Structures are given as structure tokens and as C-alpha cells.
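What follows is the residue order along each chain.
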Protein chains: 2
Amino acid sequence: MILCDIGNTFLHFYHEGRVWKESPQKILRKREDKIFYISVSNKNLEALLNICPQSINLAPYFTLDTAYRGLGIDRIAACQTISDGVVIDAGSAITIDIMQDGMHLGGYILPGIASYLRLFSGISERLRIMPDLSLDLDLMPQNTKEAISLGMLKSIVNFIQEVSKGKIIYFSGGDGKFFSKFFKNSIYNEMLVFNGMQKAMEVYYEKNS
Amino acid sequence: MILCDIGNTFLHFYHEGRVWKESPQKILRKREDKIFYISVSNKNLEALLNICPQSINLAPYFTLDTAYRGLGIDRIAACQTISDGVVIDAGSAITIDIMQDGMHLGGYILPGIASYLRLFSGISERLRIMPDLSLDLDLMPQNTKEAISLGMLKSIVNFIQEVSKGKIIYFSGGDGKFFSKFFKNSIYNEMLVFNGMQKAMEVYYEKNS
């Protein structure tokens, strides 16, 4: 049995303790006959269904107490794994969800690091620069590379600090490990979404047994 | 005599107390024979030189005490008009420059509001949304529109607040008026860059008289 979390850029897989990602263009045929998936991208979902048409959508087996309309299924999955704290998926977008007493209070969306790069290249040739992610946040920028890198990093880190209000922060996603090091009260867990999916799978098996 | 500040998106003009902008594709022939300009875009500079080849570049007539390498000439112009404070040009990019005792200490670059929009459309169809700029910053977002709008607004406003450290903030640029309302200690002045250019013009006339 394989779990698959289909994002806007990659398909993320989990199988027997192993986690990996594949791009929709180069997705490999899976030998397992059962793939449980969630998806925020219809386009990338097609890529999975092409190699495994009998895959099962876990979306109907989630419940989350929230007033938020249109919350992505990956965010719902991750939020289900904790009762209190901030759930952050740092990928092509950065989603920030606030949980309290088992309730989802609301959430924010910021551009991810890779998106910032595309964005600045689009504004001006002079801003087509690879940011330096190793800079000290307290440095005063003295060139375009530092000005863009620290503008991006400080604005994201400050924002997370402010909306987290001292809660524990649970990071996942491609840049989750990187961002977690800026916060003492944080945990990086690449399994966050998959743990939520495992909970939904239990519901699935209860209803289908 | 006309002043022209050539940006990445528009050409900004000043003439006899009037300020206006023109897009490089639709730039109108100017009757005045003397246009003094500064430019951060070679492509858009061409558009000006096509209608007025004898235009004069003011860039050589600026001096700014700074260790920053590659500071845009528009930022240099605006910074020359103040001795202490934060100079923010909120356009397609948001530049934030820190002045103290007549010295430029350094600066940051953030994406502008319009760039955020392009950016999110690039990540996912679901994020192709016009943000709501009228939202209360303390609202807890309950849908994608609010999540993106408040992610963008709060991260920019918090960032400016933090790096300004109580200094007076001088806003200019297309979104300058909008952002200035979030800060008690701020002044919106669409003439900031032009005032700097007027100072450089005095130097030009001294050297060429």
C-alpha cells in the first residue's frame, strides 16, 4: 500500500517508511495495486491515474472543525495530526494554519522561496538573482543579492513569528527543514501530511470493511 | 524643462508641478527640448530616447554616502532628499532604504503588490485571485482570498515596521499612499525621486555653466 500527496509541483509518495517525490512528467509505474491519494492539482492527479487508475481518493474520509472555505486537502490532512499549534507547509507556496483545541482557526498563504525567484526575474533583469539563504537575518544588506535574500527571509520569518504567538510550529514541505531552524519552538516532520492520510485510511477501512 | 524617472514598468514625468506616468509603448512626443532623466531600465530608456534623443542623464550628478553596491539610481535620488529615516518606493518591487545622519546604511527589496498576484497565478490556478486590500490586518483568514491578501499585507507591513525601528518612513511609488496609512510615523510624497533629481540638476547646472 502506497500513500501519495499530489502537490502543485511534485507527487510525494510514502511506502513502508520511505518518503520520496516524483515530478508528474517522470512518474514511475508502481507495482503496488493500492495507492491512496489526496490532491490539490487536477493536472498532476491525471499523471497518477495514468499509471494507477484504481487509486483511491482519501479526501472523503477527513473531517476538520473549521470555518475556512476551500482549505486544501493537504492542509486538512496535516492539521488533523495536531490539536494545538501552527502547521506550516513550506513548498512552492507556504501555507500557515492555526490550530487550537482541535479546531482550525484560520490560515495564511505566502509565496514559497522558489516562487520569489521567478517573481523577481519577472520584474527586472537586474533582479534575476539566486538568493543567498545562508545570510544572518540581522545583516544590513549591501547589494541586490543581500537585499532580495534578506527581504524574503526576514519577511517570511517575522510573519511566522508574529502569527504563531509562541505556539509550537510544525513544519513540513521542501523548505520546511530550512525554515524550522529559525524557530526554537518548532518541529520538522516530513510525515505530517502522510500521518494525516493514515488517520483518514483508518476511517476508510472502517467504512469499507 | 521636464524630469523623467524611468522605472521597470512606467516612465514617470514631472513638469511645472504636474506629475504623470506613461507606459513605454504609448509614450507621447514631448514639446520641451530638455528632458532630464534617470533610468533603471535600458529597454524603457530607449522609448524616451526615441522621442527625445537629446535627453540628459542626471546619474553622474548624484553623490550618496553608501557601502551598498549597485543601488538603483531612483533609490539614490530619493535617499538624497532626507538625512534620517526610511525611504520606501512601493511599485512593481518595494525598495526599503535606511538613512542615518546623511548616510545610507543599506536596504531591502520585497515584491510589490502586483508582483504577488502574478506569482500566485504561476503556482496554481486555485491561487489566481485578486487580493482584497481593504481587509483588517487582525482578521483571521477564512478563505483563499483572505489567506493570500493578509499573508501579503501583513508580511510587508510587519517587515517595514521591524526594519524601520521607529524612524520616520517616507513613501513614494504607485502603492506608497496605500502602505503609508498603516504607519503613524509616515509621510507620502510622490515627489521624493523628483526632489532628488532637482538637487542633481543644480549640480549639473553648476558644472555646465
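Residues numbered from 1 in each chain as written. Chains lettered and ligands numbered in written order. Predicted model: local features only at pLDDT ≥ 70, side-chain atom pairs only at ≥ 80, totals over all residues. Heavy atoms only, no water.

Named according to an unreviewed UniProt entry, chain A is Type III pantothenate kinase originating from Helicobacter brantae. Recorded in UniProt for chain A, the comment headed Subcellular location (unreviewed entry) runs: "Cytoplasm". (UniProt positions renumbered as here; feature names shortened; annotations may be inferred.)

> Please give an account of the relation of the copies chain A and chain B that cites residues and values.
Of the transformation superimposing chain A on chain B, the axial component is 0.0 Å and the angular component is 180°, with the fit at an RMSD of 0.0 Å. Such a turn and shift between the copies fits a two-fold axis. When the interface residues of chain A are mapped onto chain B, 100% of them are again interface residues, pointing to one common binding face. (Least-squares fit on C-alpha atoms with pLDDT ≥ 70 in both. Contact = heavy atoms within 4.5 Å.)

> Describe the interface of chain A and chain B, with residues and values.
How large an interface is tends to be reported as the accessible area lost when its parts come together. Across the boundary between the two partners, chain A contributes 44 residues, which contact 44 residues of chain B. When chain A packs against chain B, close to 3500 Å² is buried across both sides, 60% of that on carbon and sulfur atoms. If you sort the residues of chain A by the area they bury against chain B, A:Ile109, A:Ile123 and A:Gln142 come out on top, with a joint share of 16%. In this structure, the connection of chain A to chain B is made through two salt bridges. Our count for the chain A to chain B interface comes out at 14 residue pairs in polar contact (both at pLDDT 80 or more). For the side of chain A that touches chain B, the secondary structure elements donating two or more residues are strand S8 (93-100), strand S9 (103-111), helix H3 (113-123) and helix H4 (144-164) of chain A. The biggest single contributor to the side of chain A that touches chain B is H4(A), with twelve residues. Grouping the amino acids of the side of chain A that touches chain B by side-chain chemistry returns 24 nonpolar, 15 polar and five charged. (Buried area = accessible area lost by both parts, 1.4 Å probe. Salt bridge = Lys/Arg side-chain N within 4 Å of Asp/Glu carboxyl O. Polar contact = N/O pair within 3.5 Å; in protein donor to acceptor, adjacent residues only side chain to side chain. Helix = DSSP H or I, 4+ residues; strand = E, 2+ residues; numbered from the N terminus. Nonpolar A, V, L, I, M, F, W, Y, C, P; charged D, E, K, R; others polar.)

> I'd like a description of the environment of A:Gly107, backed by residues and values.
Among the structural elements, A:Gly107 can be located in strand S9. For the pair A:Gly107 and A:Gly151, spaced 44 residues apart in sequence, the C-alpha separation works out to 22 Å. With near-sequence residues (within four places) excluded, A:Gly107 lies in contact with A:Tyr68, A:Arg75, A:Ile96, A:Asp97, B:Met140, B:Pro141 and B:Ala147.

> If you had to explain helix H4 (residues 144-164) of chain B to someone new, which residues and values would you point to?
Residue and element names in this part refer to chain B. In a regular helix each residue adds 1.5 Å, so 21 residues correspond to 30 Å; H4 covers 30 Å between its end C-alpha atoms and thus fits that length. Burial runs high along H4: 18 of the 21 residues are buried. The N-terminus of H4 is capped by Asn143, whose side-chain oxygen sits 3.2 Å from the backbone nitrogen of Lys145. (Expected span 1.5 Å × (residues − 1). Buried < 20%, exposed > 50% of the residue type's maximum accessible area, 1.4 Å probe, protein only.)

> Run through the side chain of B:Asp5, naming residues and quoting values.
Among the structural elements, B:Asp5 can be located in strand S1 (residues 2-6). With residues up to four places along the chain from it excluded, the contact list for B:Asp5 reads B:Phe10, B:Leu11, B:His12, B:Ile38, B:Asp74, B:Val193, B:Phe194 and B:Met197.

> Can you break down the packing of aromatic side chains residue by residue, with the values?
Residue and element names in this part refer to chain A. Scanning all chains against the criterion turns up 22 aromatic pairs over all chains. With a centroid separation of 5.4 Å and an interplanar angle of 15°, the aromatic rings of Phe13 and Trp20 are classed as stacked. Pairing Phe36 with Tyr205 gives two aromatic rings, centres 5.9 Å apart and planes at 65°, and the pair type is edge-to-face. Of this pair, Phe36 sits in strand S4 (residues 35-39) while Tyr205 sits in helix H6 (residues 192-207), and the two are 169 residues apart along the sequence. Judged by its relative accessible area of 0%, Phe36 is buried. By relative accessible area, which is 36% here, Tyr205 ends up partly exposed. Site record: aromatic cluster; members linked through ring pairs are Phe36, Tyr61, Tyr204 and Tyr205. (Phe/Tyr/Trp six-rings, centres within 6.5 Å; stacked < 30°, edge-to-face > 60°.)

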